[in-house]
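Structural characterization, general
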Amino acid sequence: MEQSFHEMHCLIDLMVGNGIAPNHFVYNILISAYAQEETVGEVMHIFTKMQQEGLNPDVANYGAVINLLSSIGRMDDAMSQYNQMITEGLLPGIIVFTPLISGFCSCGKWEKVDELFSEMLDRGICPDTVFFNTVMDHLCKNGRVIEAQDLFDLMVNMGVKPFVRDYNTLIHGYCLVGKMDEGRKLLDNMCSIGLKPDDFTYSILIDGYSMKGRIGDALIVVREMLDGKVKPSIITFNIMIGALLKGGRKEEAKDLFDGIWANGLVPDVITYSLMIQKLIEEGSLQESDDLFLSMEKNGCVADSHMLNAIVRSLLRKGEVPRAGTYLSKIDERVFTLEASTAGLLTALASGGKCQEYKGLLPEKYHSFLEQGTD
DNA sequence: TTAGGGTTAG
């Protein structure tokens, strides 16, 4: 980035040297590019530089700067820029209000959200589909699904057509607070107005039912998805496999796993992680090792989360030597031990077998055993 | 591509 910052300066100097003064377009391309990298120093430098050269920032320039400041939570600074542009007589548009309001949502300043939304409407600025989706998503993720629903209704009343993504956002909101029947109603509602649910819609609902332990209802949605000719993604498979395993329906989960390839997909690290943990849990240790090997043979590489989860499963089963094998992989690949994994190691030593276990685990992790003997 | 946003799994 430092290099390209230098290049940017050279480019601007070259333009000036050729009698071409950089305009708002040029500056905004630069500001936006640096904003994407979240390099605040550079952005503010360019912003100052353009003003020094007698070019007053336009609404787009302010929009890009306010977006950057809001995205990193510097709301005081974002508001100062907003006030500055008002002072200069510029008229803020939806491009300025969306990041500003989104920023206040991110830090939970809901009264500021309400205040700015009112101000925006007072200024005659119409919220659009991007605005509604952004704010609804924030509300849903904070458990404020009732307010998200109100916003959704307002959107419809204002004549802004909801898209599949808006439904997905709201259904997710209901799932997060366990209101599955409301989520389910929305699925039917979107179908009735001619919107076709996608794999996200179904996956969100399947996961929601699964979290509530309603495996039967989850499977009904799976059936509807397949009947509707919506192709599941590997994530959908992972959700379904997770739901079945949770419901103790291992054979069906295994059938789904075997059917992944027929759907033109390949299992990913999460699919394998789910299956392997289940095998360990039921004591099929050789099978779990075999699956791990075939996974790596298929080019799917274990990540830190997976190895930690495997180690924890093995430790819970008292399979210390095998856990040692996977701990060595964590060590070799320079992954970190997660706190919950370390906690299990420490707990292990409190049983008085610290010395015995030391011989089974890589030396690097002996300190966790020693902590347990205090 | 001059400016704002967003969904699912261990």
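Residues numbered from 1 in each chain as written. Chains lettered and ligands numbered in written order. Predicted model: local features only at pLDDT ≥ 70, side-chain atom pairs only at ≥ 80, totals over all residues. Heavy atoms only, no water.

**Things to note about the packing of helix α9 (residues 145-157) against helix α10 (residues 164-176)**
Relative placement of two packed helices is described by the angle separating their axes and the distance separating the axes. One can describe the packing of α9 onto α10 by two numbers: an axis separation of 9 Å at closest approach and a directional angle of 155°. Looking at the two axes, α9 sits roughly antiparallel to α10. Like other packed secondary-structure pairs, α9 and α10 cross with a definite hand, here left-handed. Every residue of α10 that contacts α9 at V145, A148, Q149, F152 and M155 is listed here: D166, Y167, L170, G173 and Y174. Residue composition of the contact of α9 with α10, grouped by class: seven nonpolar, two polar and one charged. (Axes fitted to C-alpha atoms, helices over the stretch in contact; angles between N-to-C directions. Helix = DSSP H or I, 4+ residues; strand = E, 2+ residues; numbered from the N terminus. Parallel < 35°, antiparallel > 145°, perpendicular 65-115°, else oblique. Left-handed = near helix turned anticlockwise from the far one by under 90°. Contact = heavy atoms within 4.5 Å. Nonpolar A, V, L, I, M, F, W, Y, C, P; charged D, E, K, R; others polar.)

**Focus on the nonpolar core**
Counting 114 residues, the largest nonpolar core has L100, I101, I206, F292 and M306 as the members making the most contacts within it. Those residues in contact with I101 that lie beyond four places of it in its chain are V113, L116, F117, M120, F131 and V135. (Core = buried A, V, L, I, M, F, W, Y, C linked by side-chain atoms within 4.5 Å. Buried < 20%, exposed > 50% of the residue type's maximum accessible area, 1.4 Å probe, protein only.)

**Structural notes on the environment of D166**
As for its placement among the helices and strands, D166 is situated in helix α10. Residue D166 is classed as buried on the basis of its relative accessible area, which comes to 1%. For the pair formed by D166 and T129, sequence separation is 37 residues and the distance between their alpha carbons is 8.5 Å. In this structure D166 touches T129, N133, M136, F152, M155 and K161, once residues within four positions along its chain are discounted. Within the structure, the side chain of D166 is placed 2.7 Å from the backbone nitrogen of F163, a separation counted as a polar contact. (Polar contact = N/O pair within 3.5 Å; in protein donor to acceptor, adjacent residues only side chain to side chain.)

**Some points on the UniProt feature "repeat: PPR" (unreviewed entry) in chain A**
Mapped onto the present numbering, the UniProt feature "repeat: PPR" (unreviewed entry) falls on residues 23-57, 58-92, 93-127, 128-162, 163-197, 198-232, 233-267 and 268-302. Helix makes up 74% of residues 23-57 and strand 0%. Its end C-alpha atoms lie 10 Å apart. Across residues 198-232 one finds 74% helix and 0% strand; the C-alpha atoms that close the span lie 9 Å apart. (UniProt positions renumbered as here; feature names shortened; annotations may be inferred.)

**Quick notes on unusual backbone geometry**
In this model, K229 sits at a positive phi of 60°, which is unusual for a non-glycine residue. Tracing the backbone shows K229 in the loop between α13 (215-227) and α14 (234-246). With phi around 55°, V334 is a residue other than glycine that occupies positive phi space. Tracing the backbone shows V334 in the loop between α19 (320-332) and α20 (339-349).

**Description of the side chain of S210**
For S210, the location among the structural elements is in helix α12 (residues 199-211). Residues in contact with S210, not counting those within four places in the same chain, are I215, A218, A243 and K246.

**Re the environment of V311**
On the secondary structure map, V311 appears in helix α18 (residues 304-316). Judged by its relative accessible area of 0%, V311 falls in the buried class. In contact with V311, other than residues within four places in its own chain, are A323, Y326, L327, I330 and T341.

**Let's talk about the packing of aromatic side chains**
In this structure the tally under the stated criterion is nine aromatic pairs. An angle of 85° between the planes, with centres 5.3 Å apart, marks the rings of F47 and Y62 as edge-to-face. With F47 in helix α3 (residues 40-52) and Y62 in helix α4 (residues 59-71), this pair connects stretches of sequence that are 15 residues apart. Per residue, the accessibility class of F47 equals that of Y62, and both read buried. Look at F257 and W261: their rings are 5.6 Å apart centre to centre, the planes differ by 90°, and that puts the pair in the edge-to-face class. A network of ring pairs unites the aromatic residues F117, F131 and F132 as a single cluster. The cationic tip of K329 hangs over the ring face of Y326; the distance from NZ or CZ to the ring centre is 5.7 Å. (Phe/Tyr/Trp six-rings, centres within 6.5 Å; stacked < 30°, edge-to-face > 60°. Lys NZ or Arg CZ within 6 Å of the ring centre and 35° of its normal.)

**Describing α13**
The α-helix advances 3.6 residues per turn, and as a result positions three or four apart in sequence lie on the same side. Taking 1.5 Å as the rise per residue, α13 with 13 residues should run 18 Å; its terminal C-alpha atoms sit 18 Å apart, in good agreement. Those residues of α13 that sit buried are I215, A218, V221, V222 and M225. What you see down the axis of α13 is that its buried residues fit within an arc of 115°, all on one side. Each element contacted by the buried residues of α13 is listed here: α11 (180-192), α12 and α14. Two residues or fewer after α13 comes K229, characterised by a positive phi angle close to 60°. (Expected span 1.5 Å × (residues − 1). Arc of directions from axis to C-beta.)

**Considering the protein's contact with DNA strand B**
Taken together, 34 residues are adjacent to DNA strand B, and I94, D128, R165, N168 and N238 come closest. Atoms of DNA strand B within 4 Å of the protein belong to the sugar or the phosphate in 35% of instances, the rest to bases. Here a base oxygen of DNA strand B and a side-chain polar atom of N168 are 2.7 Å apart. In the environment of DNA strand B, a base nitrogen lies 2.8 Å from a nitrogen or oxygen atom belonging to the side chain of N238. (Near = heavy atom within 4 Å.)

**Observations concerning the pattern of salt bridges**
A complete count under the given rule lists 21 salt bridges for this structure. Between E53 and K49 there is a salt bridge, with its nearest N and O atoms 3.5 Å apart. The shortest N-O distance in the salt bridge between E252 and R249 comes to 2.9 Å. Overall, R249 belongs to the partly exposed group, its relative accessible area being 30%. Via salt bridges that share partners, D181, R214 and D217 belong to a single interconnected network. (Salt bridge = Lys/Arg side-chain N within 4 Å of Asp/Glu carboxyl O.)

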